[in-house]
Amino acid sequence: MTLILYALRKFPKEFFYQKQRALVVILCVAVGVSSVAAVQIFGRSIIEYYRSNGQMITGGDLVVTTRRLSTEQLQQLAGAEGLTYTIVTTDNQVAFHPEKRKTMLVEIQGVDPEVYPLYGELVLQYHSGLAAALRDGKAVICQATQAALNADVGDQIWLGQRVYTVGDILLEQPNPQGAGLFGTVLVPLERETLVDQEQPMRLLFKLESDADLEAVANWLREVFPYSRVQTYLDYFARFEEAATRVNSFVLVVAMISLLLGGLGVASAAQVMMRQRLPELAIMKSVGGRTGQVIAYFLTQVLLLGLIGTGLGLFLGAIVVQLLPDLLGVLPIRPEFSVTLPVVFVSALLGLSVTLVFSLLPVVRGAYARPLPILKGEEQLSDGKRSRWQQGGTVLLLAFFFGLVVSYLVSSLRLGLGFVFAMLILTGILWLMIRGLIRLVASLPIFWGRSGLLVKSSLQSQGGRLVASICVLTIGLGAVSVVLFLQQNVIGLLEETLQDARAYNIVIAGVPGEDTDSLVEFLQEHPGVEQYVEIASVRARARVSKEAATGVEPVQSSFILSLLGVDPADSYFSRHIVAGRDLGEDAVEEVVLRLEIAQRYGIELGDELLLELGTTTVRCVVVGVEESAEGVGIGVSFGQGAYVNKALIGQTDAEVESLFMARSPDGAAEVVNDLRFAFPKIALILDVGQLLDIFYRIFSAVTTFVQFLGLFSIVTGFVILAGSILLYKMERRREIAVIRCLGGDTRTLLFQYLAESGLTGLLAALLGIGTAHLVTWVLTTKLLSGYYRFDGLFSFGVGGGVIVLAAAIGFLSIVDVLREKPLTVLRNE
């Protein structure tokens, strides 16, 4: 204890004496802790927001999700005491502004303006209450819908087959789930249309006493036996579980920069021990034991780690304020605050990284022999500790840190797997970079006095650049691969929409009286290049193997969705994985989806007995189809099969028509014309609008991952600057000797700029090059060979990294170049 107190008392003096080395440790820990703290503050603040506003977010104390409401159920609810409820219907539809000819996907919510919402309040632009805004059958639209439709109060908009007047603009709503991914439109609830009708709806309940929550929930489960009944506590429990899993995963990603920052800690600790060897030798000479020496130096290093942790918490609290604007799609704005669990996690990780990465250099120094050090014969040796012992120590330290991570993420497999995966990755990169530096030093590319100095420096001290190159490589690689994947996926979607074989308009729910007019419209509209009509029917199917094996039909049956297509239509192509496609002449053939064939053991050549209305037809299975690789544009038809459209026309089955069309110049204008000409059609969809929603979500996720990757890049530059600072004092004599022998400042400046620039060059080549390789593999395997090379980012960012690395090297060494060489040598 006395030794620890002595170390604490002497710490301020040591800190200011070795402020550059101390600053490296503090910054390396601070950058890593800031990423961890930002993620923790963000995740825990959202969980706390949901915990504090559970009823408001859920919509009520209890929620019943159902598709049908009977008169008897309404009567039972009317007789309940101490219970207030409201009904909210939901329907996804296309909103259309006929005057501005604008469309948007929206979620239509039918609400009772006198009761809704049960918790919280709606903020409208012009009215103080929802009842006035929805009076006389008006609608309230959200700001996103207003912007997309270019609509304002008093304008008429079409929602499916209904016409509404905009009564107000919705600025805020208490339920963030209500915002959804689409625009939101509130319309008056029509109770008379709900009874015994298929309609997705939620019944929200508010209780007078929270103590009756479970009793009322059980009663509602009896009233609604085929519906889902959940309390707001159930919602929060599921959300908290999911959020905790996501937070643990993101925490692991955020710890990459912290773990890489440990390399800078190790480098600083190694230099610190080398320069304090005389002090260490004196301590051991006067009777200090090795354990005491280790405890003394570790205490001071851990204090630096504690300062870095505090600074990281401060930076994380600042950085987290940027995340809501960075993500964009976040529907809530919680209050971000540093809580005790965040402090505990950050401190545990910061001190653990400091301990793990400084322990080996401290132990190596503590085992050094004092007498040779005092004689000047030994700087830092391993003594009796062999390389195998050092390797074993590294594994033990990695295992310890893995246990710490496992505790924080509540998963031993994830924690240990992450730490050892990073250890292996860093080890491989470390060996690769050392080999590359040796290779570069051996190339005949150095000439002149400056070139020879660069070559000599790389051969003798190139190892000190490895850590910064390694960290920069991982950071650049993480950011680049996410960006490249984002560009390739979005590029694939855009290319698919522009593909001459891709439909970008979907028309469904076509009334029978509009079918002929719609066909004529599609044929004559100049913006429509191609269209196809698909007949959809539901049939009961039985399997027969009689045609192939003589076996009688199997008695069990199943429901099958049949799509009647024109076999000659090359636009609506099928991805056949076995057999062949439908023949143009043979009508009684069927192509099955792969999952259907596997589920029921159906093979090529088997027959399906299909009951279509009152007609039973026999179709031979000629092919098996599955979804094509890559990202497809279209509609999921569920469990289904394909038959010739002419076959369906020979039956009396009830047919639903689905049209898919292509507009080569973009679907927006055609969709607007269709919506204006056919107001009774239920769904007219521009597929590009779906891609816009996907793009928002995908961009938010990838942007967040890139944001975390930036911490690794910053850590790499900190380690680069730190390595130059750490070794600067050792190179002062070298610079003075060279200048006394005739070397000028320009020569030395070029040498250090070349060394720093080489660090950036190798990091850019390895990081961005590896990112391109990974992206190419992923896109060619998952996205059907699509790959787009981003030369602007690659060369722009790569050049920026080289310039920044060179600038850091210049700023770190310029003060030494100003010193007079004779003064330096006299002081030595």
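Please refer to the structure higher up on the page.
Residues numbered from 1 in each chain as written. Predicted model: local features only at pLDDT ≥ 70, side-chain atom pairs only at ≥ 80, totals over all residues. Heavy atoms only, no water.

**Student:** Is there a simple way to explain the packing of aromatic side chains in this structure?
**Tutor:** The geometry of an aromatic ring pair is captured by two quantities: the separation of the ring centres and the angle between the planes. With the rule as written, the count across this model stands at 8 aromatic pairs. Here the aromatic rings of Phe521 and Phe678 are separated by 5.6 Å at their centres, their planes lie at 90°, and the arrangement is edge-to-face. A residue pair is termed long-range when its members are at least 10 positions apart, and Phe521 in helix H19 (residues 515-524) and Phe678 in the loop between helix H23 (668-677) and strand S20 (683-686) qualify at 157 residues. Given the relative accessible area of 18%, Phe521 is considered buried. Residue Phe678 is classed as buried on the basis of its relative accessible area, which comes to 7%. Here a set of aromatic residues connected by ring pairs shows up, and it is made of Tyr49, Tyr50 and Phe239. Here the basic side chain of Lys206 rests over the ring of Tyr119, its NZ or CZ set 4.8 Å away from the ring centre. If you follow Arg238 out to its NZ or CZ, it ends over the ring of Tyr235, 5.0 Å from the centre. (Phe/Tyr/Trp six-rings, centres within 6.5 Å; stacked < 30°, edge-to-face > 60°. Helix = DSSP H or I, 4+ residues; strand = E, 2+ residues; numbered from the N terminus. Buried < 20%, exposed > 50% of the residue type's maximum accessible area, 1.4 Å probe, protein only. Lys NZ or Arg CZ within 6 Å of the ring centre and 35° of its normal.)

**Student:** What is the right way to look at a nonpolar patch on the surface in this model?
**Tutor:** Residues Leu23, Leu27, Leu311, Phe314, Leu315 and Ile318 make up a contiguous nonpolar surface patch of roughly 490 Å² in combined accessible area. Elements supplying a minimum of two residues to the nonpolar patch: helix H2 (19-52) and helix H11 (290-319). A total of 4 residues in the nonpolar patch trace back to one element, the largest contributor, which is H11. Position of Leu27 relative to the elements: it lies in helix H2. (Patch = residues over 30% accessible without salt bridge, like charges linked within 9 Å, V, L, I, M, F, W, Y side chains within 5 Å. Areas by Shrake-Rupley, 256 points an atom, 1.4 Å probe, with all protein chains shown as cover. Salt bridge = Lys/Arg side-chain N within 4 Å of Asp/Glu carboxyl O.)

**Student:** Would you explain helix H13 (residues 340-366) in this entry?
**Tutor:** Residues lying three or four places apart along an α-helix face the same way, a consequence of the helix completing one turn every 3.6 residues. The end-to-end C-alpha distance of H13, which contains 27 residues, comes to 36 Å, matching closely the 39 Å that a straight helix rising 1.5 Å per residue would cover. Within H13, the axis deviates most sharply at Leu359, by approximately 40°, and proline Pro361 lies no more than four positions further along. In terms of burial, H13 is largely enclosed, as 19 of its 27 residues are buried. (Expected span 1.5 Å × (residues − 1). Bend = angle between axes of the 7 residues up to and from the residue.)

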